[in-house]
Amino acid sequence: MTGKGHEQDHSPVFDTVVHPQYPDLYEASIAELQEGLQEGLFTSVDLVKAYLARIEEVYLQGPKLHAVIETNPSALAQAVELDRERKKRGPPWNSDLAQGQYSHSAQRRYYTRVAIYARTSLMEAPSTGSFALLGSIVPRDAHVAAKLRAAGAIFLGKANLSEWARFRDNVPQGFSGRGGQASSPYVHLGDPSGSSSGSAIGVAIGLAAAALGTETDGSIVSPSSANNLVGIKPTVGLTSRDGVIPISEHQDTVRPMARSVADAATILTIIGGRDLRDNFILAQPAHVPDYTQALNAGALRGARLGVPRRAVALLDDIRVAAFNASLKTLRAHGATIVDPTDFPDSEELLASDNETIVLNTDIKVGVEKRGTRGIDGALSAFDLDALLLPTDIAFTPPAIAGFPIVTVPLGFLPTNTPLAPAKPTRESGPNMPFGLAFLGTAFSEFELISLAFAYEQATHTRLKVRAFPAAIPKTQLAELVGK
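Residues numbered from 1 in each chain as written. Predicted model: local features only at pLDDT ≥ 70, side-chain atom pairs only at ≥ 80, totals over all residues. Heavy atoms only, no water.

## Structural notes on helix α9 (residues 317-332)
Argument step 1. With 16 residues, α9 should reach 22 Å at 1.5 Å per residue; the first-to-last C-alpha distance of 23 Å fits that figure.
Argument step 2. Turning to α9, its buried residues are R319, V320, A322, F323, S326, L327 and L330. The buried residues of α9 all sit within an arc of 160 degrees when viewed along its axis, so they share a single face. Across from the buried face of α9, at angles greater than 90 degrees, the exposed residues are D317, K328 and A332.
Argument step 3. Residue D316 occupies the N-cap position of α9, its side-chain oxygen lying 3.1 Å from the main-chain nitrogen of I318. (Helix = DSSP H or I, 4+ residues; strand = E, 2+ residues; numbered from the N terminus. Expected span 1.5 Å × (residues − 1). Buried < 20%, exposed > 50% of the residue type's maximum accessible area, 1.4 Å probe, protein only. Arc of directions from axis to C-beta. Polar contact = N/O pair within 3.5 Å; in protein donor to acceptor, adjacent residues only side chain to side chain.)

So, in structure tokens, the structure goes:
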């Protein structure tokens, strides 16, 4: 760990001891956790205790990552109830559950799916990182939270975030009055990005199985990119914003962040769908698909993917080189890369301040939605299935249009990257992650998930670099089972 007078440790030393019988909570998938619960290797109570202990290790102790504002005082009671139901009824009779899949007609799950939440209402906890809402009690769960609770999720708590999404004041990314300054688990005092900073940090090092956050422009995919995660920002209207403190009703959306495309797809399947409290939901298709069915490792074969090259040119040489290398990987797995395929309105996107004008008005009274000819224009003009961009420059066009984007791990800054000064966080440093984004038209999540999954399976980038050692909690299930 880097501190005053110290250099960052880049060595691949992992002193966490994992019993071979139990999944490693640093990387455990939803499917692995379900399997362990169904086989009786551990209980929901064991799992919640382990996650809470891991949070305690790195929150205000050790590297003080400040990923969590507060834990849920009801989490253990919920776990006890789920264990009781599982024991009473036996293994779930829906065989899809063992594969981490979700059936819309399936009855209640008797397993634990644990998430850290940011900017969605929970009965057990107030929302946001602002003292202005401290002590507020919401009348009900946010719609997406209620759907996860009905599916058997246990809410571990509320994640830290950039207070008010940095929209009311120019605070650092990852800072809130209640939660303090969150920082990266990959670079000591590194910028975690935002505004869903704590959600990304917590999932990256296994403080939870997955997390939710919200996005106006980058708040999902940017911290996912900076923390080596998968993030799915869905089409505005696919997931309900009921219970979300918004910036823009025209751009805001709720989404999952996870360590794998499979886990993110599982959660998106659960939280998508109709809700009469959000009129934008009326635009969604009559049937929201099971996105776990999109997990096709061969999806790149025959796909036509376009590169808005003018946007790529805005990045540094390291990210551009990694992006260009990803194009070779995609070609090797059967994709056709069309390069360049610049947006028809790329000049306007680069020069315009339209989005700022929209948001400054939208947070108060609401405005007409902006046009979509950027992404749709490029897809149509070049007969493309999706567009590709480094995540760091990918999120504004789909934000303005309300279109989906999926980010997956792409690479890391070299180990000899100088540590930038901490002001209060560092803009760059050794091993800082960055991502690759797949962009598409409205409600094209199924296709984007397929492409992202195929790339993920071809590269397995996430575990090529782990968080710095002090940021990795040591607590594992073996220490707590049955205690």
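Now that the structure is up, let's keep going.
## Things to note about the packing of α9 against helix α14 (residues 445-459)
Argument step 1. Running from amino to carboxyl end, α9 crosses α14 at an angle of 100 degrees, the nearest separation of the two axes being 11 Å. Regarding the angle of α9 to α14, the classification is roughly perpendicular. Contacts between α9 and α14 involve S326, T329 and L330 from the former and Y455, A458 and T459 from the latter.
Argument step 2. Looking at the contact of α9 with α14 residue by residue, the classes come out as 3 nonpolar, 3 polar and no charged. (Axes fitted to C-alpha atoms, helices over the stretch in contact; angles between N-to-C directions. Parallel < 35°, antiparallel > 145°, perpendicular 65-115°, else oblique. Contact = heavy atoms within 4.5 Å. Nonpolar A, V, L, I, M, F, W, Y, C, P; charged D, E, K, R; others polar.)

## So, the environment of L389
Argument step 1. Among the secondary structure elements, L389 is positioned in strand β11 (residues 386-390).
Argument step 2. Along the chain, L389 and L436 lie 47 residues apart, while their C-alpha atoms are 6.2 Å from each other.
Argument step 3. Those residues in contact with L389 that sit more than four places away from it in its chain are P308, A311, V312, F323, F343, A394, L436, A437 and L439.

## Observations concerning the pairing of strand β12 (residues 405-412)
Argument step 1. Counting buried positions along β12 gives 8 out of 8 residues, so the element sits mostly inside the fold.
Argument step 2. Sheet topology places strand β7 (residues 230-233) next to β12; 3 bridges connect them, and they run antiparallel. Bridge pairing links K233 to I405 in β12.
Argument step 3. The pairing of β12 with strand β13 (residues 433-439) spans 7 bridges and is classified as antiparallel. Looking across to β13, one finds that T407 is bridged to A437. (Pairing = 2+ DSSP bridges.)

## Thoughts on the nonpolar core
Argument step 1. With 77 residues, the main nonpolar core has L305, L330, F438 and I449 as its most contacted residues.
Argument step 2. Ranked by size, the runner-up nonpolar core spans 24 residues in total, among them Y26, V203, M257 and A471. (Core = buried A, V, L, I, M, F, W, Y, C linked by side-chain atoms within 4.5 Å.)

## What about the pattern of salt bridges?
Argument step 1. Scanning the entire structure with this criterion turns up 8 salt bridges.
Argument step 2. One salt bridge connects E27 with R462, and the closest N-O pair in it is separated by 2.8 Å. Here R462 lies in the segment after α14 and E27 lies in the segment before α1 (30-38), a separation of 435 residues in the sequence.
Argument step 3. Taking the shortest distance from any N to any O, the salt bridge between D392 and R319 comes out at 2.7 Å. Of the two residues, D392 sits in the loop between β11 and α13 (396-401) while R319 sits in helix α9, which places them 73 residues apart along the sequence.
Argument step 4. Look at D392 and you get partly exposed, because its relative accessible area is 31%. (Salt bridge = Lys/Arg side-chain N within 4 Å of Asp/Glu carboxyl O.)

## Side note on the confidence of the model for the protein chain
Argument step 1. Confidence in the prediction of the protein chain, expressed as mean pLDDT, is 81, and 73% of residues score 70 or more.
Argument step 2. Note on residues 92-113: pLDDT is under 50 here. Beyond four places in sequence and across chains, it has 64 contacts. (pLDDT = per-residue confidence, 0-100.)

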